[in-house]
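Next come the chains, spelled out residue by residue.
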Amino acid sequence: MKNDILSLKRNGMSNRKIALTLNISKDTVNKYVKEMKVITKLIENESDKSKIIELQKELVSAPVRKGVSVRKVFSGELEHRFYELLKQDEEKDLLLGLNKQKLTASLLHRKLRSEGFDVGITTIQIEYKRYKNKNKEAFIKQQYAPGFRAEYDFHEVKVLIDDQVKKLYQATITLPHSNYIFVKHYQNQKFESFIDSLVTFFEEINGVPKTMVFDNMRNVVSKFVYGGAKVYNEELIKLSNYYGFKIMTTNPRSGNEKGHVETSGKIARSELFTFNYKFYSLDNLRKYVVDEIFKINQDKVKVVNERVNLIKLPKAKYELGRLIQAKVNHESIIMIDSNYYSVPDSYVGENVYSNVYLEHINVYNLKHELIASHNKKVGKGEYTIDIFHFTTTFTKKPGALLNSIALKQAPKVIQTLFHKYFTTKPKDFIKLINENDIYELNELLIKLNNGHKLTTIKSMEITIEEVSSNQLSQISNLFNQGETIQ
């Protein structure tokens, strides 16, 4: 603009005609022409070359525009709420420690809009960038055929469950064509969790993608061999053969090769747990996740086309148990995944088989008969002992009962019976629990608490019969009294 004005003026055009030609204000033309005349005169009268250079630069330089005043949107209640949300996020980080459900400008914008604030995403991005003082991460969008590809990854999540900080593992599976997201949360990344997430995903989408893309986690790659070749986990190969998908893995340290699930997992984690991170139980968290993920997926119209192109599910669901062989040690215990589980003491020194599921373990003898069943432990070095597995040993060694882990882990009714009535008669106690089920033991405890006396098991049986007879006699007497009154 300035250059055009000065050029036309030097060619002899009047200020008015310049304004008409350039379709601008005459005042603007007058301003630049006046400025040119003043600086030109200063140059003609100046003898110092350095000053002449500075004046020439000023003459030919682009005009400096005055700042345009705009309405300040980011103020008042909006600004207060913005920093309040940031403070809440900081408090969450203090409670959970290092975690990956990070606050983003987009999340802040959606939250503020949902609370009724009329603000654009650009305003929030600018203010959040000032707050974080860093650039946003960029991702490269790719395109895949429907039903061809799914990507898998685990993401760590920190939440409060029953007021305790818990680290969970979010199994995330995405379909890049439709942007469909599946998530399920587990207490560990062990193989049972891994397989359960895959089978649950196939059941949820009612089909199987032609290719499943993983990183080089232990559940997928058992070992690397010469030349960079990979040996896949045998159990995963069985699963892929059963459902028909092809296993594909990324190059080491190349998470970008499955960038869709990397990004989607982080988005899902942030959407789910940035503002909501307190739960009563793991089941409560899982129910919340199912509802929220449904909302995230419900508007993804390409899912219908995706499902049409999936491999059909087999008629029978895959058996999720992992078969492990173990030898029973001298304490009648087997070790599975660094935890310890009891079996009947008659199997000491023998081999047994265990089917390891996500949340429980079944143990079988060599005749394929079920001999024990336990809830699966999550940690390491923990014991699960069933007192009924040791009745034969306790009959021979009754003195070992008092301080045994078996008694300490026994049902409450058994512990109460022993400590209140049988501490000096452990053999009678073992016979009692051997011959009565848990309901009968509970009935016995009620009778004992009501004043019933016990000296031996035999006298107990007689006394119970006598009590029953006495109750019948009392009922009969009541009827007889009624007849007399009439």
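Note that the coordinates shown come from a computational prediction; the quantities given were computed from them, not determined experimentally.

A. Quick look at helix 9 (residues 234-243). Taken together, the buried positions of helix 9 are occupied by Leu236, Leu239, Ser240 and Tyr243. Taken around the axis of helix 9, the buried residues stretch over an arc of 100 degrees, which confines them to a single face. Structural note: helix 9 exposes Glu234 and Asn241 on the side pointing more than 90 degrees away from its buried face. Contacts from the buried residues of helix 9 go to helix 8 (191-205), strand 4 (211-214) and strand 7 (246-249). Looking at where helix 9 begins, the residue whose side-chain oxygen comes 2.7 Å from the main-chain nitrogen of glutamate 235 is asparagine 233.

B. Structural view of the pairing of strand 2 (residues 164-175). Strand direction decides the pairing type here: strand 1 (residues 149-161) and strand 2, joined by eleven bridges, are antiparallel. Note that in strand 2 the partner of leucine 160 across the bridge is valine 165. Between the antiparallel neighbours strand 1 and strand 2 lie two residues, among them aspartate 162 with a positive phi of about 55 degrees. Pairing geometry for strand 2 and strand 3 (residues 180-186), over seven bridges, is antiparallel.

C. A look at the nonpolar core. Core analysis: the largest hydrophobic core is formed by 32 residues, its most contacted members being Tyr152, Phe194, Leu198, Phe214, Leu236, Leu239 and Phe245. Going through the elements one at a time, strand 1, strand 2, strand 3, helix 8, strand 4 and helix 9 are the ones with two or more residues in this core. Considering every element that reaches this core, the biggest residue donor is helix 8, with eight residues. Apart from residues no more than four positions distant in its own chain, leucine 198 is found in contact with Tyr152, Ile173, Met212, Phe214, Leu236 and Leu239. Core analysis: the second largest hydrophobic core is formed by 22 residues, Ile333, Leu407, Ala410 and Ile414 among them.

Reading guide: rules and limits
Residues numbered from 1 in each chain as written. Predicted model: local features only at pLDDT ≥ 70, side-chain atom pairs only at ≥ 80, totals over all residues. Heavy atoms only, no water. Buried < 20%, exposed > 50% of the residue type's maximum accessible area, 1.4 Å probe, protein only. Helix = DSSP H or I, 4+ residues; strand = E, 2+ residues; numbered from the N terminus. Arc of directions from axis to C-beta. Contact = heavy atoms within 4.5 Å. Polar contact = N/O pair within 3.5 Å; in protein donor to acceptor, adjacent residues only side chain to side chain. Pairing = 2+ DSSP bridges. Core = buried A, V, L, I, M, F, W, Y, C linked by side-chain atoms within 4.5 Å.

Remember, this is a structural readout, not a statement about activity or role.
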